[in-house]
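# Analysis of the macromolecular model
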Amino acid sequence: MQIILDFEPYELYESVHELIRMAFPGGEIRRAAEAEADLLFKLRLVRGAKQAIMEAEIRTREDGFKWQKSLDIPALDERTVLNWAKQQVRAFCYDLLCDLTGKNINSYGILTGMRPVKLAHRLIDQGLSAEEIETRLKSEYRLTAEKACLLTEIAFANRPYQCTAESGNWVSVYVGIPYCPSRCYYCSFPGAVLKNYDSEIAPFMDALLCEIRTLSDCLKERGLKVQTMYLGGGTPTVLSTHHLDRLFNELFKGGWITAETAEITVEAGRPDTLDLDKLHLMKAAGVNRICINPQSMNDETLAAIGRRHDQKGVVQSLQWVREVGIEKINMDVIIGLPGEGLKENTHTANKILELRPDNITVHTLALKKGSLMSGQESSFTPQERTGQVKAGVELFSRLLREAGYIPYYLYRQKYMKASMENLGYALPGCFCLYNIQMIEERQTIIGLGGGAGSKFINSKAGTLESLYNPKNPAAYCETVQQLISRKVDKLRALN
Ligand code: SF4
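Just so we're clear, the structure is a prediction, and the values are computed from it rather than from any experiment. (Residues numbered from 1 in each chain as written. Predicted model: local features only at pLDDT ≥ 70, side-chain atom pairs only at ≥ 80, totals over all residues.)

Further remarks concern the overall build of the protein. On a plain count of helices and strands, the protein comes out with 14 helices and 18 strands. Computed over the C-alpha atoms, the radius of gyration of the protein is 24 Å, within 12% of the 23 Å expected from 2.2 N^0.38 for a compact globule of 495 residues. The buried share of the protein, taken over its 495 residues, is 42%. Here the contacts in the protein between residues at least 6 apart in sequence split such that 74% fall between residues at least 24 apart. (Helix = DSSP H or I, 4+ residues; strand = E, 2+ residues; numbered from the N terminus. Rg over C-alpha atoms; globule rule 2.2 N^0.38 Å. Buried ≥ 20, exposed ≤ 12 C-beta atoms within 10 Å, placed from the backbone. Contact = placed C-beta atoms within 7 Å.)

Structure (C-alpha cells):
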C-alpha cells in the first residue's frame, strides 16, 4: 500500500508518522504531495493568536473525507504551547485513524515513544493522584484503561528508587561488550560475531580500558559516585576470565566500583558463554545480579531462533549462579517467537516460575529490519498472530502476578507485535535499580565501550543529552579518543 503524507507545518510529520505506520502496517509511507497513492493523508495546522484550526483530508482511491477542529490556545510559554499543539494534532489524527480502520491502532494511544512511563512520572510531579493520572492518560492521550492502569502502577512502584535533585552526585555506568558467539535470528544487533578471539578482542580491550582509565579522572574531579553498573552487549561473558579480570581491575582502580556501588549486573544472556570460573571471578568483583536469558524454554524454538543452547543449559547456568552465591538472577523471555502459541508460552512460564528468579523480563518480539528473521512470518494470519501475542503477554502477567512478581519498569520498541511492550517484573525488594535509572532518565548514565549510550542529565536546567559510542568494534577503537574528549566536556558541564 502506497501512503502519501502531506503535512503543514512539516514539524508535524514526525509526530504523526508512527501512528500512520501503526494504522497501516506494511504500508509504504512517503512525502510527495502530488504522487499517485492508495491513500493520501493531508494535514494542516493553522495558528492564530488565540485559536488554532486543524484540518485533515484523507483520500483513498474510492473515497474522500474531510475534518476540521478548532482549539483555544492556552496562555503558556511558546515551548509548552508547541508541545501542547503536537499532542492535540496526534490525538486528532489518532481518532481519525481509529475511525478509518475501524480498530484501536495502538493500546498506548498517541504515545509512540520508547518510555511511556515518563509521562506518568511527569503527572506525579504535577501532584496528580493515581486516579487522576489514569483519567488523563485515557482521555487526553487515548490509552486503553488497561495500559493507563499499568503505566500508573509502574510509575508509583519505581518512584521511590528514582534519582532526584537531592540524591547527590549519583550516576550509573553501562559497559558495552559488542560481541556475541553467534547471531540469534530475531536479533537486529549490529555489533560483531566473534570469529577470532585473540585478534578481535585485544584491540577492543585496549580501547575500552583506555576509556575507563581516562574518564576515571573526570569521575573523581566531579565527585561522581556510581550507584549501579551494567555490563551488557552483545554478550559480555564471551570475554575470557583473563579479560574479565583485567576489566574489573580497571573498574576498581578507577573508582568506578566502590563499597557504595549498590548493584553490578552482568548480562550472561547466552548460557553457552558461561562457566564456573567466570562466575567465581564475577562474584569476587562484587557482581550481584546476573541475567540468564532463555527467551523460551522449548528446545525446538531455541533451535529455530539460532540460540545454540537448550533449556537444560539454562537450568545448569542458573544452578551455577546460585552455587557461587550471586544474589539476584534475571531471566528474559520473548512472546511471539516462531512456532510458539499459548501452549508453548505456558510451558516456558511454568518452567521459569519453578526456577523462581528474582526478576523476569517479558519481551514482545519486535522484528527490526536488520534481523535475519525480518520479513518472515509464520503460517498464522496477522490477526491470529496479534491475538496470540496478546494472549501470551496476558498469560505471563497473570501467572507472574499470582506468583508474587510486581511490574516495575517498561519500555517499548518500534515494530513490536500487537503494539505491546517489554515489561520487567520483580519479586518485592528485588527491583533492578539500573533498569529504573536507564528507562526513567532521571540519572546520568555514563556509557563505556562498544555501543554504549551515555545520557547526561542536567537536573537544574531540565535537559538531557545523549551520546552513543559506535556499536561496530573497529569504529569504536578508531574514535575512542574523540569520544573520551566529548564525554569529559559533558561531564564537566553537569550541574
Ligand atoms: S545473544 Fe543477544 S545480542 Fe547476541 S545475537 Fe543473541 S539476542 Fe542478539
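Here we come to the site of the ligand. As a matter of local geometry, the ligand sits amid Cys180, Arg183, Cys184, Cys187, Phe189, Gly234, Thr235, Gly269 and Arg270. For the shell around the ligand, the class distribution of residues is four nonpolar, three polar and two charged. (Near = placed C-beta within 6 Å. Nonpolar A, V, L, I, M, F, W, Y, C, P; charged D, E, K, R; others polar.)

Within strand E6 (residues 170-177), seven of the eight residues are buried, which leaves it mostly tucked inside the rest of the structure. With eight bridges joining them, E6 and strand E9 (residues 225-233) adopt parallel strand pairing. In the strand pairing of E9, tyrosine 174 is matched with tyrosine 230. As judged from the six bridges shared by E6 and strand E16 (residues 444-449), these two strands associate in the parallel manner. The residue bridging valine 171 from the neighbouring strand is threonine 444, located in E16. (Pairing = 2+ DSSP bridges.)

The next point concerns unusual backbone geometry. Going from glutamate 8 to proline 9, the amide bond is cis rather than trans, its omega being 0°. Looking at the secondary structure, you find proline 9 in the loop between strand E1 (2-8) and helix H1 (12-23). Looking along the chain, the bond that leaves glycine 233 and enters glycine 234 is cis, with omega of 10°. Following the sequence through the fold, glycine 234 ends up in the loop between E9 and helix H7 (241-253). Positive phi is not limited to glycine here, since arginine 308 has a value of about 55°. On the secondary structure map, arginine 308 appears in the loop between helix H9 (299-304) and helix H10 (311-324).

Take helix H3 (residues 117-125) next. For H3, the full list of buried residues reads Val117, Leu119, Ala120, His121 and Leu123. The secondary structure elements touched by the buried residues of H3 are helix H4 (130-139), helix H5 (145-158), strand E14 (406-411) and helix H13 (433-440). Remark: glycine 127 follows H3 within two positions and exhibits a positive phi of approximately 90°.

A common way to express how large an interface is: the accessible area buried when the components associate. Taken domain by domain, the protein comprises domain 1 (1-105), domain 2 (106-159) and domain 3 (162-486). With nine residues of domain 1 at the contact, the number on the domain 2 side is eight residues. Here the element with the most residues in the side of domain 1 that touches domain 2 is helix H2 (residues 78-101); it accounts for four residues. (Domains from an automatic or database assignment.)

Before going further, it helps to spend a moment on the nonpolar core. Grouped together as the largest cluster of nonpolar side chains are 126 residues, with contacts concentrated most on Cys93, Val173, Ile290 and Ile292. If we ignore the near neighbours within four places in the chain, the residues touching valine 173 are Val226, Met229, Trp256, Ile446 and Leu448. (Core = buried A, V, L, I, M, F, W, Y, C linked by C-beta atoms within 7 Å.)

This brings us to the sheet that holds E1. Paired through backbone hydrogen bonds, the strands of a sheet run either parallel or antiparallel to each other. On the basis of which strands lie adjacent, the open sheet formed by five strands has the order E2-E1-E3-E4-E5 and mixed pairing. The open sheet is flanked by strand E2 (28-30) and strand E5 (64-72), the only strands paired with a single partner. When the angles between neighbouring strand axes are averaged without regard to direction, this sheet yields 15°. Bridge count between strand E4 (residues 51-60) and E5: nine bridges; the pairing is antiparallel. Bridging from a neighbouring strand, isoleucine 58 pairs with phenylalanine 65 of E5. Along the sheet, H1 makes contact with E1, E2 and strand E3 (39-47), crossing E1 at roughly 155°. (Axes fitted to C-alpha atoms, helices over the stretch in contact; angles between N-to-C directions.)

Relative to E2, E1 runs parallel, the two being bridged by three bridges. Across the sheet, residue glutamine 2 finds its bridge partner in E2, namely glutamate 28. Read from E1 through H1 to E2, the crossover connection turns out right-handed. (Right-handed = clockwise from strand over helix to strand, strands pointing away.)

The N-to-C vectors of H1 and H2 enclose an angle of 20°; their axes lie 10 Å apart at closest approach. Our classification of the angle between H1 and H2 gives roughly parallel. Regarding H1 and H2, the two cross each other, and that crossing is right-handed. Across the interface between the two elements, Leu12, Ser15, Val16, Leu19, Ile20 and Ala23 from H1 touch Lys86, Val89, Arg90, Cys93, Tyr94, Leu97 and Thr101 from H2. (Parallel < 35°, antiparallel > 145°, perpendicular 65-115°, else oblique. Left-handed = near helix turned anticlockwise from the far one by under 90°.)

Within the secondary structure, glutamine 2 is located in strand E1. Residue glutamine 2 is classed as partly exposed on the basis of its 14 C-beta neighbours within 10 Å. It is 5.0 Å that separates the C-alpha atoms of glutamine 2 and alanine 37, two residues lying 35 residues apart in sequence.

H10 packs onto helix H8 (residues 276-284) with a crossing angle of 40° between their chain directions and a minimal axis gap of 10 Å. Between H8 and H10, the interaxial angle falls into the category oblique. Here H8 runs over H10; the crossing is right-handed. Of the residues in H10, those in contact with Leu276, Leu279, His280 and Lys283 of H8 are Trp320, Val321 and Val324.

This part covers H13. With eight of eight residues buried, H13 lies mostly within the body of the structure. Within H13, the full set of buried residues consists of Leu433, Tyr434, Asn435, Ile436, Gln437, Met438, Ile439 and Glu440. Immediately downstream of H13, the backbone of glutamate 441 shows phi near 55°, a positive value.

Along the chain, tyrosine 405 turns up in the loop between helix H12 (382-402) and E14. Separated by 49 residues in the primary sequence, tyrosine 405 and arginine 356 have C-alpha atoms spaced 9.9 Å apart. Discounting chain neighbours no more than four positions away, the residues touching tyrosine 405 are Ile360, Leu400, Tyr425, Ala426 and Leu427.

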